[in-house]
Amino acid sequence: MTTRTAAQRRQDARVAYDAYLATCPARRLLDRISDKWVSLLLNALAEGPQRYSDLSRTIAGVSQKMLTQTLRTLERDGLVSRTVTPSVPVRVDYELTPLGVSLLPVMRAIKDWAETHIEEVTAAQDAYDAQVNTQERHS
């Protein structure tokens, strides 16, 4: 067995977490955090702890199943914590963990970028679609 230097072990670790590789666990994480519901939930929870019903009202269009599934996934990944307060009815609050808070600047930036540039993107899509339609008619 060959002895490996610390530099070689660090290099191996960098290769092991290369999201461009299909088997990289970071790729699965990127897939998960790029989901629209994850982005919207993390941004909504930036305001502080919220109940399920508050999140449901804040995020228009999310189904109960999708909201529950996304919250469970975020809890499993350590991005969101769930606190149950025994009362009648039982109160359940969700909030960002420190790990979730560390992801927030990126998620806010993406949301802000989308809101700022949607008109430019829509114009580009319309121009592309018009060009494709023109080419299809002339083929």
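Bear in mind that the values here come from a model prediction, so they are computed numbers and not experimental data.

## A word on the sheet that holds strand β1 (residues 50-51)
Either a parallel or an antiparallel arrangement is found when strands of a sheet pair, and the pairing is made through backbone hydrogen bonds.
Link 1 in the chain: Ordered in space as β1-β3-β2, the three strands form an open sheet in which the pairing is antiparallel. What marks the edges here is a single partner per strand, and that holds for β1 and β2 (80-85).
Link 2 in the chain: Two elements, β1 and strand β3 (residues 91-96), share two bridges in a ladder whose sense is antiparallel. Paired with Gln 50 across the bridge in β3 is Tyr 94.

## Looking at unusual backbone geometry
Link 1 in the chain: Val 88 connects to Pro 89 through a cis peptide bond whose omega is -5°.
Link 2 in the chain: With respect to the element layout, Pro 89 can be found in the loop between β2 and β3.

## Observations concerning the confidence of the model for the chain
In regions of low pLDDT, the predicted coordinates are not meant to be interpreted in detail.
Link 1 in the chain: In this model, the chain carries a mean pLDDT of 91, and residues with pLDDT of at least 70 account for 96%.
Link 2 in the chain: Here helix α1 (residues 6-16) stands out as the least confident element of the chain, with mean pLDDT 70; helix α5 (residues 64-76) is the most confident, with 97.

## Considering a nonpolar patch on the surface
Link 1 in the chain: There is a patch of nonpolar side chains on the surface, built from Trp 113, Ile 118 and Val 121 and spanning about 290 Å² of accessible area.
Link 2 in the chain: Topologically, Val 121 is positioned in helix α6 (residues 98-137).
Link 3 in the chain: Residue classification places Val 121 among the partly exposed residues on the basis of a relative accessible area of 30%.

## What about the pattern of salt bridges?
Link 1 in the chain: Considering all chains together, one arrives at four salt bridges under this definition.
Link 2 in the chain: Here Asp 54 and Arg 57 are joined by a salt bridge, their closest N and O atoms 2.6 Å apart. You can see Asp 54 and its partner Arg 57 sitting in helix α4 (residues 52-58), three residues apart, about one turn around the helix.
Link 3 in the chain: The class for Asp 54 is partly exposed, based on a relative accessible area of 26%.
Link 4 in the chain: Glu 115 is paired through a salt bridge with Lys 111; the nearest N and O atoms lie 3.0 Å apart. Placement of the pair is Glu 115 and Lys 111 together in helix α6, with a separation of four residues, close to one helical turn.
Link 5 in the chain: What makes Lys 111 partly exposed here is its relative accessible area of 30%.

Cut-offs used in this document
Residues numbered from 1 in each chain as written. Predicted model: local features only at pLDDT ≥ 70, side-chain atom pairs only at ≥ 80, totals over all residues. Heavy atoms only, no water. Pairing = 2+ DSSP bridges. Helix = DSSP H or I, 4+ residues; strand = E, 2+ residues; numbered from the N terminus. pLDDT = per-residue confidence, 0-100. Patch = residues over 30% accessible without salt bridge, like charges linked within 9 Å, V, L, I, M, F, W, Y side chains within 5 Å. Areas by Shrake-Rupley, 256 points an atom, 1.4 Å probe, with all protein chains shown as cover. Salt bridge = Lys/Arg side-chain N within 4 Å of Asp/Glu carboxyl O. Buried < 20%, exposed > 50% of the residue type's maximum accessible area, 1.4 Å probe, protein only.

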